[in-house]
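A structural walkthrough
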Amino acid sequence: MNFHIMTLFPEMVMNALSESITGRAITNGLISAEAVNIRDYANNKHKKVDDYTYGGGAGMLMQADPVYLCYEDIKRKTACTPRVVYLTPQGNIFDQRMAEEFSREEDLILLCGHYEGIDERVLEEIVTDYVSIGDYILTGGELAAMIVVDAVSRLCPGVLSNSDSPETESFSDGLLEYPQYSRPEVWHGKRVPEVLLSGDHAKVDAWRHDMSLLRTMERRFDLYKKYVQSHPEEFVPKKPRRKKKKTD
Ligand code: ADE
């Protein structure tokens, strides 16, 4: 999968993505990431990419042309017309389902805005997805783009060394992950739950599932409600066992 990040701060993006798991995935050729500097497409001596807004008001706006030329240049290098994700607080909230959808693309363009935003006309022409990472305002789209790249790239084949892990983690089945423990068996007087030492895999799985349910109910009741609705079979009340009548 190839990520193309359109930004005014390419170093900020590449510095972060070249660390840790994304960095290793780039080095191993499992994903690629290029940060393209929108400023390189400014057609003026001072490489200025922003201007005042028509109608007045505070703040500057990123102009349409450098953004469009930058997009065209990226598009030329890709086999088909890639989706363009504009990071904005006005977008749909990014979640695991969206990460999975993006991970099926071969190329993804992420457009980072700054100042008061970007001229609406170029957004109308190139943007396919408006995406927000939450209901708060950042100084620019870069951090949001890095979050999207991180969450999507770990779903790409081979990026995580343990290929099982995406399926068993928080959100993959709509539940939060169960608590996990490593050595030592007793730490600060706290014992690892006995069932995890039992070697009984069915029991361990059942315990983990129960803990996931409990944790989701306690910490994210919104997700818990959704899970209950989509797995009604799990919540069928069991018939109470009849007590045998005593026969004298
Ligand atoms: N740019 C500024 N704030 C943002 C947010 N919350 N999500 C995505 N992009 C943004």
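Residues numbered from 1 in each chain as written. Predicted model: local features only at pLDDT ≥ 70, side-chain atom pairs only at ≥ 80, totals over all residues. Heavy atoms only, no water.

**Some points on the site of the ligand**
In the vicinity of the ligand, the residues found are Leu 87, Thr 88, Pro 89, Val 131, Ser 132, Ile 133, Gly 134, Tyr 136, Ile 137, Leu 138, Gly 140 and Ala 144. In the environment of the ligand, a nitrogen atom lies 3.2 Å from a nitrogen or oxygen atom belonging to the backbone of Thr 88. Coverage of the ligand by the protein amounts to 96% of the 260 Å² it exposes when considered alone. Residue assignment for the shell around the ligand shows that the elements contributing at least two residues are β5 (83–93) and β7 (129–132). (Near = heavy atom within 4 Å. Polar contact = N/O pair within 3.5 Å; in protein donor to acceptor, adjacent residues only side chain to side chain. Areas by Shrake-Rupley, 256 points an atom, 1.4 Å probe, with all protein chains shown as cover. Helix = DSSP H or I, 4+ residues; strand = E, 2+ residues; numbered from the N terminus.)

**What to know about the packing of aromatic side chains**
Under the defined criterion, the tally for this structure stands at five aromatic pairs. A ring pair is formed by Tyr 68 and Tyr 71, whose centres lie 6.1 Å apart and whose planes are at 40°; its orientation type is tilted. With Tyr 68 and Tyr 71 both in helix α3 (residues 64–77) and three residues apart, the pair spans about one turn of that helix. Residue Tyr 71 is classed as buried on the basis of its relative accessible area, which comes to 7%. Grouped by ring-pair contacts, the aromatic residues Phe 221, Tyr 224, Tyr 227 and Phe 235 constitute a single cluster. (Phe/Tyr/Trp six-rings, centres within 6.5 Å; stacked < 30°, edge-to-face > 60°. Buried < 20%, exposed > 50% of the residue type's maximum accessible area, 1.4 Å probe, protein only.)

**Re the pattern of salt bridges**
As enumerated under the stated definition, the model contains ten salt bridges in all. With a closest N to O distance of 2.7 Å, Arg 121 and Asp 119 form a salt bridge. Of the residues examined, Arg 121 reaches a relative accessible area of 55% and is grouped as exposed. Two residues, Asp 222 and Arg 220, come together in a salt bridge whose shortest N-O distance is 2.9 Å. Given the relative accessible area of 32%, Arg 220 is considered partly exposed. (Salt bridge = Lys/Arg side-chain N within 4 Å of Asp/Glu carboxyl O.)

**Details of the packing of helix α1 (residues 10–17) against helix α6 (residues 142–153)**
At their nearest, the axes of α1 and α6 sit 10 Å apart, and the two run at 30° to each other. In terms of axis orientation, α1 runs roughly parallel to α6. In this structure, α1 meets α6 at a crossing whose hand is right-handed. On α6, the residues that touch Met 12, Val 13, Ala 16 and Leu 17 of α1 are Glu 142, Leu 143, Met 146 and Val 149. Here the contact of α1 with α6 is built from residues that sort into seven nonpolar, no polar and one charged. (Axes fitted to C-alpha atoms, helices over the stretch in contact; angles between N-to-C directions. Parallel < 35°, antiparallel > 145°, perpendicular 65-115°, else oblique. Left-handed = near helix turned anticlockwise from the far one by under 90°. Contact = heavy atoms within 4.5 Å. Nonpolar A, V, L, I, M, F, W, Y, C, P; charged D, E, K, R; others polar.)

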